[in-house]
Amino acid sequence: MLVLLIAIVILICGYVLYGGWLAKQWGVDKDRLTPAHELEDGVDYVPAAPYVVLGHHFSSIAGAGPINGPIQAAIFGWVPVLLWVLIGGIFFGAMHDFGALFASIRHKGQTLATVIAHNIDDTAKKLFCVFSYLTLILVVAAFASIVAGTFAVSPVPLDDPVAAETVTNTNLANQRTAMISLLFIVVAVVYGLATRGRKIPTAVNIASAIAIIVVVVALGYSFPVIALDNTAWMFIVGAYILIASVAPVWILLQPRDYLSSYLLYGMIVLALVGIIGSGLMGASSNLNIPAFTGFVAVAGESKIAASGYLFPALFITIACGAISGFHSLVASGTTSKQLDKEGQAQPIAYGGMLLECLVAVISLCAVAFVFSGYLDGTYASPTQVFAAGLSQMLAVIPGLAGVESLAYALLILAVSVFCLTSLDTATRLARYMFQELFTPHGMETADLTGWRKVLTNPWVATIITVVLGVGLGMTGYQLVWPLFGAANQLLAALGLLAVCAWLGNAGRNNKMFYFPMAFMMVVTLVSLALTVWNKLAALAGGAVEVATVLQLVIAVLLMILAVVLAVKGVKVIFGKGDVSSEAKQ
């Protein structure tokens, strides 16, 4: 409990002091017209109230990352996990997200690819587009598979009563999750249509959103009437993200993420009640994890703990919750096109990241409460650890002993909502990247002709993305998923590089980016180098498998990409590269 309270105070101080200082150093103008107003088109560029945009941004960046990472890395001890979440979150991740959003706002709401084109060169932009697009395809594949897995029912074995009971309970939980998620989508569309163009008082809007959440959860939990297998759900999820990623943001993305965010805020409140309440009861006054277990971790019997050297494993494993490259794509892809005022960039991007840091600290407290089960393999996933730890904390509070099973189910649901919101946002972002890849520097998609016009058509770009993502999700994304952590943190390093280059070109202070940028680049390169070494050793030992070869090839390509873009960026940052006149704005 004490660790949580101290972390909250540190995060608040970080927001006020460091976040406020960054806004002044960069020249954030509270009165400047944002792209959402300047380029409003009713599809992608749609200004919204700050609490609506925060709901979208937070729902999209969180995913399951701030839960999975700290729980997997807890094997190193609570001190390194907590230090990286707080230091990384305040000085790395929140600055990264804030910078990406601010840079995008000053580049007409375009993605970091355009920022790179203006401030480094067009070759760097194309490399970044290809890398980001392939990373997003992997995200779509993984999250589509995860979402379908949390919705699907499995055949109940008839010859094993114990297994039958387990499968039946799992099926019921999945049906409830699916029903609630589908109701969220339907209600979001109705909500978007009902509130479009209407000035609704903030208090009324928030109160109605909370009421809708309660009703939807209650209905979905009580009437789980849909029972489909995994394959059926993969096709349904594919159809959903196809439509959701092309539809105007005001009709689905904004209202769905806004409504869903209150479920996530509710999860945080529930967690705080459990941790503080159980602490006051003396049940969780201390973290039941060693402060530090050593520089090398061995998972042992645990099914979810990380393993390997603390450097770089800690900094790759804990991405969301400290710094994550995916956030820069969200900030510069969808969030920047909805921001009402430039002054809202700090609370939404910097503040949203610190909220995620809070979720990471909560996850650390959760795994501490059930650490013995974490070590002996009782739990099969970080989500189970998270839900079990917090629900058991709630159960020790007087009067709440009977809520453990309900709290467990609601926490599992909240994590599933994280994944679903991240999924369709990732699909839309991939569509943006695909379109920018085939749009020459200095041209707009509306001006294109021939094959470029066909490929940059929103429907064509989205169909290609969905087919690739869902197809990979159904055929074996696991072959390359182990490299996602390094790829994601490379994306973070490149995001820091892009914003640093732009700020320098624009004559603003960018020195605060030097160390985080260099550190994340070194972390990524060391991680990739270890992967290359291990895969070469496996091949030399006769373990010639498709996954081994694929991971080896991709790791080498990522290292080359990192070096090429780093060299180009450093030349610009330190005044030895060519810079377009458009960069100095």
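Data block above holds the structure.
Worth saying up front: this structure is predicted, and the values here are computed from it rather than measured.

Peer 1: I'd love a proper account of the overall build of the chain, names of residues and values included.
Peer 2: A tally of helices and strands in the chain yields 22 helices and 2 strands. Against the compact-globule benchmark of 25 Å for 585 residues, the chain has a radius of gyration of 23 Å, which places it among compact chains. Overall, the C-alpha framework of the chain stretches about 70 × 60 × 45 Å when taken along its three principal axes. Every one of the 585 residues in the chain was classed for burial, and the buried ones make up 56%. The contacts of the chain with a sequence gap of at least 6 include a subset with a gap of at least 24, amounting to 85%.

Peer 1: An account of the packing of helix α1 (residues 2-26) against helix α14 (residues 345-369) is needed here, citing residue identities and associated values.
Peer 2: Each pair of packed helices gets described by two things: the angle between the helix axes and the distance between those axes. Contact geometry of α1 with α14 gives a least axis separation of 10 Å together with a crossing angle of 160 degrees. When the interaxial angle is binned, α1 and α14 end up roughly antiparallel. In the packing of α1 onto α14, the handedness of the crossing is right-handed. Along its contact with α1, which presents L4, A7, I8, L11, G14, Y15, Y18, G19, G20, L22 and A23, the element α14 presents Q346, P347, Y350, G351, L354, C357, L358, V361, I362 and C365.

Peer 1: Report on the environment of R32, specifying residues and quantitative values.
Peer 2: By the secondary structure assignment, R32 is in the loop between α1 and α2 (35-38). On the accessibility criterion, R32 (37% relative accessible area) is partly exposed. Taking the C-alpha atoms as reference points, R32 and A124, separated by 92 residues in sequence, lie 29 Å from one another. Leaving out residues up to four positions away in the same chain, R32 has contacts with R106 and E342.

Peer 1: I'd like a description of the nonpolar core, backed by residues and values.
Peer 2: By size, the foremost hydrophobic cluster in this structure holds 189 residues, and its most contacted members are W84, Y374 and F386. Discounting chain neighbours no more than four positions away, the residues touching W84 are G89, F92, L314, F315, I318, A322, I323, F519 and M520.

Peer 1: Tell me about the packing of helix α21 (residues 514-540) against helix α22 (residues 546-573), and name the residues and values.
Peer 2: The interhelical angle for the contact between α21 and α22, taken along N-to-C directions, is 155 degrees, at an axis separation of 9 Å. Classified by the angle between their axes, α21 and α22 sit roughly antiparallel to one another. Considering the relative orientation of α21 and α22, their crossing is left-handed. Across the interface between the two elements, Y514, M517, M521, L525, L528, A529, T531, V532, K535, L536, A538 and L539 of α21 pack against T548, V549, Q551, L552, A555, V556, L558, M559, A562, A566 and I573 of α22. When its residues are assigned to classes, the contact of α21 with α22 shows 19 nonpolar, 3 polar and 1 charged.

Peer 1: I'd love a proper account of the pattern of salt bridges, names of residues and values included.
Peer 2: The full count for this structure, using the stated rule, is 8 salt bridges. One salt bridge connects E342 with R32, and the closest N-O pair in it is separated by 4.0 Å. Within this pair, whereas E342 is found in the loop between α13 (325-333) and α14, its partner R32 is found in the loop between α1 and α2, the two being separated by 310 residues in sequence. When the shortest N-O distance is used, the salt bridge between R431 and D44 registers 3.5 Å. With R431 in helix α17 (residues 404-437) and D44 in the loop between α2 and α3 (50-62), this residue pair connects regions lying 387 residues apart in the sequence. Classification of R431 as buried rests on a relative accessible area of 3%. Bridged by salt links that share partners, the residues R32, R106 and E342 form one connected network.

Peer 1: Give a description of a nonpolar patch on the surface that names residues and reports values.
Peer 2: Taken together, the side chains of L127, V544, V549, V553, V556, L557, I560 and V564 define a hydrophobic patch exposed on the protein surface, amounting to about 630 Å² of accessible area. Here the element with the most residues in the nonpolar patch is α22; it accounts for 6 residues. Secondary-structure assignment places L127 in helix α7 (residues 122-151). Take L127: its relative accessible area is 30%, and that puts it in the partly exposed class.

Peer 1: Lay out the packing of aromatic side chains in plain terms, naming residues and giving numbers.
Peer 2: Tallied over the entire structure, the rule returns 31 aromatic pairs. Between F98 and Y350, the aromatic rings sit 6.3 Å apart at their centres with planes inclined by 80 degrees, giving edge-to-face as the arrangement. With F98 in helix α5 (residues 78-105) and Y350 in helix α14, this pair connects stretches of sequence that are 252 residues apart. Each member of the pair, F98 together with Y350, is buried. Ring centres of F311 and F519 lie 6.1 Å apart, and the angle between their planes is 65 degrees; on these two criteria the pair is classed as edge-to-face. Of this pair, F311 sits in helix α12 (residues 310-317) while F519 sits in helix α21, and the two are 208 residues apart along the sequence. In this structure F311 comes out as partly exposed when scored by relative accessible area, which is 35%.

Peer 1: Any chance you could break down the environment of V3 for me, citing the residues and the numbers?
Peer 2: As for its placement among the helices and strands, V3 is situated in helix α1. In the structure, V3 is positioned 258 residues away from S261 in sequence and 25 Å away in space, judged by C-alpha atoms.

Peer 1: Requested: an account of the side chain of E342, with residues and values cited.
Peer 2: Residue E342 is classed as buried on the basis of its relative accessible area, which comes to 0%. Excluding residues within four positions of it along the chain, E342 makes contact with G27, V28, D29, K30, R32, T34, F102, I105 and R106.

Peer 1: Could you give an account of the environment of Q110, naming the residues involved and the relevant values?
Peer 2: Tracing the chain through its elements places Q110 in the loop between α5 and α6 (112-119). In this structure Q110 comes out as partly exposed when scored by relative accessible area, which is 24%. Here the alpha-carbon distance between Q110 and A537, two residues 427 residues apart in the chain, equals 43 Å. In this structure Q110 touches Y45, S104, S332, K337 and E436, once residues within four positions along its chain are discounted.

Peer 1: Lay out the side chain of T421 in plain terms, naming residues and giving numbers.
Peer 2: Relative to the helices and strands, T421 is located in helix α17. Not counting chain neighbours up to four residues away, the residues in contact with T421 comprise S59, S60, R256, D257 and S260.

Peer 1: Please provide a residue-by-residue account of unusual backbone geometry, values included.
Peer 2: With an omega of 15 degrees, the peptide bond between F311 and P312 qualifies as cis. Note on placement: P312 falls in helix α12.

Peer 1: Account for the state of the cysteines, naming residues and giving values.
Peer 2: Within the structure shown, the criterion is met by 0 disulfides. Unpaired in this structure, C320 has its nearest cysteine sulfur neighbour in C357, at a distance of 10 Å. Take C320: its relative accessible area is 11%, and that puts it in the buried class.

About the thresholds
- Residues numbered from 1 in each chain as written.
- Predicted model: local features only at pLDDT ≥ 70, side-chain atom pairs only at ≥ 80, totals over all residues.
- Heavy atoms only, no water.
- Helix = DSSP H or I, 4+ residues; strand = E, 2+ residues; numbered from the N terminus.
- Rg over C-alpha atoms; globule rule 2.2 N^0.38 Å.
- Buried < 20%, exposed > 50% of the residue type's maximum accessible area, 1.4 Å probe, protein only.
- Contact = heavy atoms within 4.5 Å.
- Axes fitted to C-alpha atoms, helices over the stretch in contact; angles between N-to-C directions.
- Parallel < 35°, antiparallel > 145°, perpendicular 65-115°, else oblique.
- Left-handed = near helix turned anticlockwise from the far one by under 90°.
- Core = buried A, V, L, I, M, F, W, Y, C linked by side-chain atoms within 4.5 Å.
- Nonpolar A, V, L, I, M, F, W, Y, C, P; charged D, E, K, R; others polar.
- Salt bridge = Lys/Arg side-chain N within 4 Å of Asp/Glu carboxyl O.
- Patch = residues over 30% accessible without salt bridge, like charges linked within 9 Å, V, L, I, M, F, W, Y side chains within 5 Å.
- Areas by Shrake-Rupley, 256 points an atom, 1.4 Å probe, with all protein chains shown as cover.
- Phe/Tyr/Trp six-rings, centres within 6.5 Å; stacked < 30°, edge-to-face > 60°.
- Disulfide = S-S within 2.5 Å.

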